[in-house]
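Results of the structural survey
This is what each chain is made of:
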Amino acid sequence: MAFQVVPGRGPDFQPWAWAMLNASAQQPGFLGGGVLVDGEAEWHVVYRFASEGTVRAWEDSTARAQWDVQAADFARQTGRRSVRGSKVWFDSQTATPKTPTPPAKWKLWFVNMSAVFPPVLLFNLIILPYLGGLNPLVRTFLLCLCVTALVTWILMPRLQRFLKKWLYPPLQAFRGRHKRRTA
């Protein structure tokens, strides 16, 4: 359900919405819900019931009507949308920015090589001479274990953060950093 909240009354609406959700949770067939804000004035109370019959029973109840009376001073219901299945949550009906495309394969190759080559080189130059008497299978296992841990938890996160603008140039526009500041 969509609600138009009186400007500045969001702090009144939010506890009301959660309390109404808690009341709906006591109804048979309730599966979950949440409160979403879209801008400052438009809020959505989302709940999920096991069937259309159980949601109708809640929405047509006197308890539900009393919740609307309590909110009359700070919000009014502007719409109700009923959907089936989870796919709808991922299909946007409004114009939202597109998700950035993945980086080119050659960029991913470069980042991976930049993360893997240094630890492999250091391992071969510094540690491998001390492990010369070990079985080649054990030596290779230790090399893979150490290099994978270094790359996964230390090098790759730092490289991805450092090269973020190069890997995902549209991401900056997606986040709104392309907007000019006004004086």
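Now for a description of the structure that goes with this document. All residue numbers here refer to positions counted from 1 along the written sequence of the relevant chain. Residue-level local features of this predicted model are given only where pLDDT is at least 70; pairs of side-chain atoms are given and counted only at 80 or more, and the full residue set underlies all totals for whole chains, interfaces and linings. By convention in this description, side-chain values take in all heavy atoms of the structure and omit both hydrogens and water.

In these notes, a set of buried Ala, Val, Leu, Ile, Met, Phe, Trp, Tyr and Cys residues joined through side-chain atoms within 4.5 Å is what counts as a nonpolar core. Three exposure classes are used, based on accessible area relative to the maximum for each residue type with a 1.4 Å probe and protein chains only: buried under 20%, partly exposed in between, and exposed over 50%. Ranked by internal contacts, the top residues of the largest apolar core, which has 20 residues, are Phe13, Trp16, Met20, Val45, Tyr47 and Trp58. A run of H or I in DSSP counts as a helix once it spans at least four residues, and a run of E counts as a strand once it spans at least two, with each numbered from the N terminus. Mapped onto this core, the elements with two or more residues apiece are β1 (2-5), α1 (10-24), β3 (42-49), α2 (52-59) and α3 (62-71). Per-element tally for this core: the top contributor is α1, with six residues. Val111, Leu143, Met156 and Leu167 belong to the second-largest nonpolar core, a separate cluster that totals eleven residues.

Looking now at the packing of aromatic side chains. Ring pairs are drawn from Phe, Tyr and Trp, using the six-membered ring of Trp, whenever the two centres fall within 6.5 Å, and their geometry is named by plane angle: stacked under 30 degrees, edge-to-face over 60, tilted for the rest. Applying the stated rule across the entire model yields seven aromatic pairs. Pairing Trp106 with Trp166 gives two aromatic rings, centres 5.5 Å apart and planes at 75°, and the pair type is edge-to-face. One end of the pair, Trp106, is in helix α4 (residues 105-127); the other, Trp166, is in helix α6 (residues 164-167), and 60 residues separate them in sequence. In this structure Trp106 comes out as exposed when scored by relative accessible area, which is 53%. An aromatic cluster of at least three residues, connected via ring pairs, comprises Phe3, Trp16, Trp67 and Phe74. In this scheme, Lys NZ or Arg CZ marks a charge over a ring once it lies within 6 Å of the ring centre and within 35 degrees of the ring normal. A cation over a ring is seen here: Lys107 above Trp166, with NZ or CZ 5.0 Å from the ring centre.

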